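# Architecture at a glance
Chain by chain, the residues:
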Amino acid sequence: MSEPQDRHATITGIGVVAPNGTTTGTFWKATQEGLSVLDRVTREGCEHLPLKVAGEVRAFEPAATIEERFLVQTDRFTHYAMAAADFALDDARLALADIPDAPYSIGVVTAAGSGGGEFGQRELQQLWGKGSRFVGPYQSIAWFYAASTGQVSIRRGFKGPCSVVASDEAGGLDALAHAARAVRRGTDVIVAGSTEAPLAPYSMVCQLGYEELSRETDPSRAYRPFTDGACGFVPAEGGGMLVVEAAGAARARGADIKAVVAGHGATFTGASRWDRTREGLAQAVRQALAEARCAPEEVDVVFADALGVPEADRAEALAIADALGEHGTRVPVTAPKTGIGRGYGAAPVLDTAAAVLAMEHGLIPPTPNVFDVCHDLDLVTGSARAAELRTALILSRGLMGSNSALVLRRGTAQ
């Protein structure tokens, strides 16, 4: 039995803090133009590490948008989340007074893969270098995966259902799905998404254990999925937050419904078992299509996970074909993340934001730095491709084994 149309989960606001843009407008401009901003890592303390290329957020000053009392309590990944939440709420033109039963009908859901490593490292250095009296009280919470959910809800006064999702990279999509289900169950608004800040020395050392991490030093060659030159992924920081709102509540206040979160599927196939992700990812896609009541041939564009590991790329290409049938080799596929890096749990949220904007503008963004595709995919490369887009499929896989798929429909809920 389907939910009433006024409980359909819609997206009414987008907020982005990404390596290629710290507003939705600048992010989309760079994404549609296929600009690559991957570059050498510049963070202090990282110079000697073998990870040389990443997607850094450089044009962002947290103090310009976030109050000092919140800044001192939080890590960089939460700074991104608070700012992106502000941008998303502004984009949705949403205020507490607009929503009946607020603040209890507005909640927050985030996902995080690494937490606040920069804050934690700083405080531990204080502990071992100067002593316990020099460790701040916020060390107990700022590093924690749930910190962004807590701080966004406290700062904005939201008292509805709040949670955090921990399913590594796929967590970004799972958080959006969790938000959509909360809306269908009766919550009017959920601010949902994921932001990450893995480019600090402690966090980067932890990542060096990932065999899938690219060690290439040339930014133009470091992240090239679906090619013979694939050598792993490049990490990134930043992320996005979306306003997920009940269709009835959105219409009642005259909001612009940008997209509908129509279906989601998730599976688990084990850490770094990329051969198994063919079956697991295909099953997640089938689940998402079934929930969305969407036939495979209705999918107009696929935003790929695009890990950049040959075995994983092959498994994803085959999974798309398995789940979508003959349409899987014809449907346009794109991976804009090759121009900004793979931001762990934040990566699929930025893909979701790009998918919403792609449907709005009728334009499939290209896959930067990728030209010689060696898989049976219609991968969009070089420049953007004009297309009538009504349905988008977003894919994500985690290094620890999670697989997730999300179906978006354009515009108003039907």
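All of these numbers come straight from a predicted model, not from anything done at the bench.

### Observations regarding the overall build of the chain
Secondary structure assignment for the chain yields 12 helices and 15 strands. Over its C-alpha atoms the chain spans a radius of gyration of 20 Å, differing by no more than 12% from the 22 Å that the globule rule assigns to 414 residues. The dimensions of the chain, computed from C-alpha atoms along their principal axes, are 65 × 55 × 35 Å. By the burial criterion, 62% of the 414 residues in the chain qualify as buried. Contacts in the chain between residues far apart in sequence, at least 24 positions, make up 79% of those at least 6 positions apart.

### Re the packing of helix α1 (residues 24-32) against helix α12 (residues 347-361)
Orientation of α1 relative to α12, taken along the N-to-C sense of each, is 80 degrees, at an axis distance of 11 Å. Considering the angle they form, α1 stands roughly perpendicular to α12. Taken together, the residues of α12 that come into contact with α1 (itself represented by T24, F27, W28 and T31) are L350, A353, A354, L357, A358 and H361. Here the residues of the contact of α1 with α12 are counted per class, giving seven nonpolar, three polar and no charged.

### So, the UniProt feature "domain: Ketosynthase family 3 (KS3)" (unreviewed entry) in the chain
When the UniProt feature table is mapped to this numbering, "domain: Ketosynthase family 3 (KS3)" (unreviewed entry) covers residues 6-410. Helix makes up 32% of residues 6-410 and strand makes up 19%, while its end C-alpha atoms are separated by 16 Å.

### A closer look at the pattern of salt bridges
Considering all chains together, one arrives at 24 salt bridges under this definition. Ionic pairing is found between E67 and R155, a salt bridge with its closest N-O pair at 2.8 Å. A residue pair is termed long-range when its members are at least 10 positions apart, and E67 in the loop between β3 (53-54) and α2 (68-71) and R155 in helix α6 (residues 147-156) qualify at 88 residues. E67 sits in the partly exposed class, given a relative accessible area of 37%. By relative accessible area, which is 16% here, R155 ends up buried. Its salt-bridge partner being R181, residue E291 comes within 3.7 Å of it at the nearest N-O pair. Here the residue E291 occupies a position in helix α10 (residues 277-292), and R181 occupies one in helix α7 (residues 171-185), the gap between them amounting to 110 residues. With a relative accessible area of 35%, E291 lands in the partly exposed category. In this structure R181 comes out as partly exposed when scored by relative accessible area, which is 31%. In this structure, a network of salt bridges that share partners links the residues E67, D86, R155 and R156.

### Quick look at the pairing of strand β6 (residues 189-196)
β6 sits mainly inside the fold: eight of its eight residues count as buried. Side-chain alternation along β6 places V189, V191, G193 and T195 on one buried face and I190, A192, S194 and E196 on a second face that is also buried. As paired elements, strand β4 (residues 106-111) and β6 share six bridges and run parallel to each other. What sits directly across from G107, in β6, is I190.

### Digging into empty space enclosed by the protein
Applying the stated criterion across every chain, the model contains one cavity of 30 Å³ or more. Lining the largest cavity are 14 residues, and of these N20, T31, P336, K337 and I340 lie nearest its centre. Taken together, the elements giving at least two residues each to the lining of the largest cavity come down to α1 and α12. Residues of the lining of the largest cavity, tallied by class, amount to nine nonpolar, three polar and two charged.

### Topic: unusual backbone geometry
Following A102, the chain continues to P103 via a peptide bond in cis, the omega torsion being 5 degrees. With a phi angle near 50 degrees, Y344 is a residue other than glycine that sits in the positive phi range. As for its placement among the helices and strands, Y344 is situated in the loop between β10 (332-334) and α12. Phi at N369 takes a positive value of approximately 70 degrees, unusual for a residue other than glycine. On the secondary structure map, N369 appears in the loop between β11 (363-364) and β12 (378-379). Among the residues examined, N369 registers a relative accessible area of 15% and is labelled buried.

### A look at the packing of aromatic side chains
Throughout the structure, instances matching the rule amount to six aromatic pairs. Here F60 and Y80 contribute two aromatic rings whose centre-to-centre distance is 5.4 Å and whose plane-to-plane angle is 55 degrees, an arrangement assigned as tilted. In this pair, F60 is assigned in the loop between β3 and α2 and Y80 in helix α3 (residues 76-92), connecting sequence segments 20 residues apart. Judged on exposure class, the residue F60 and its partner Y80 are both buried. Centroid distance Y210 to Y344: 6.4 Å. Interplanar angle 50 degrees. Geometry classified as tilted.

### Focus: the packing of α7 against α12
Following both chains from N to C, one finds α7 and α12 inclined at 60 degrees, their axes separated by 6 Å at the closest point. The angle between the axes of α7 and α12 places the two elements in the oblique class. Mapping the contact onto sequence places G172, L173 and L176 in α7 and P348, V349 and T352 in α12. Split into classes, the residues belonging to the contact of α7 with α12 amount to four nonpolar, two polar and no charged.

Conventions we followed
- Residues numbered from 1 in each chain as written.
- Predicted model: local features only at pLDDT ≥ 70, side-chain atom pairs only at ≥ 80, totals over all residues.
- Heavy atoms only, no water.
- Helix = DSSP H or I, 4+ residues; strand = E, 2+ residues; numbered from the N terminus.
- Rg over C-alpha atoms; globule rule 2.2 N^0.38 Å.
- Buried < 20%, exposed > 50% of the residue type's maximum accessible area, 1.4 Å probe, protein only.
- Contact = heavy atoms within 4.5 Å.
- Axes fitted to C-alpha atoms, helices over the stretch in contact; angles between N-to-C directions.
- Parallel < 35°, antiparallel > 145°, perpendicular 65-115°, else oblique.
- Nonpolar A, V, L, I, M, F, W, Y, C, P; charged D, E, K, R; others polar.
- UniProt positions renumbered as here; feature names shortened; annotations may be inferred.
- Salt bridge = Lys/Arg side-chain N within 4 Å of Asp/Glu carboxyl O.
- Pairing = 2+ DSSP bridges.
- 1 Å grid on protein atoms, 1.4 Å probe; cavity = no way out; pocket = protein on both sides within 12 Å on 5 of 7 lines; lining within 4 Å.
- Points joined across faces, edges and corners; volume = space filled by probe spheres on them.
- Phe/Tyr/Trp six-rings, centres within 6.5 Å; stacked < 30°, edge-to-face > 60°.

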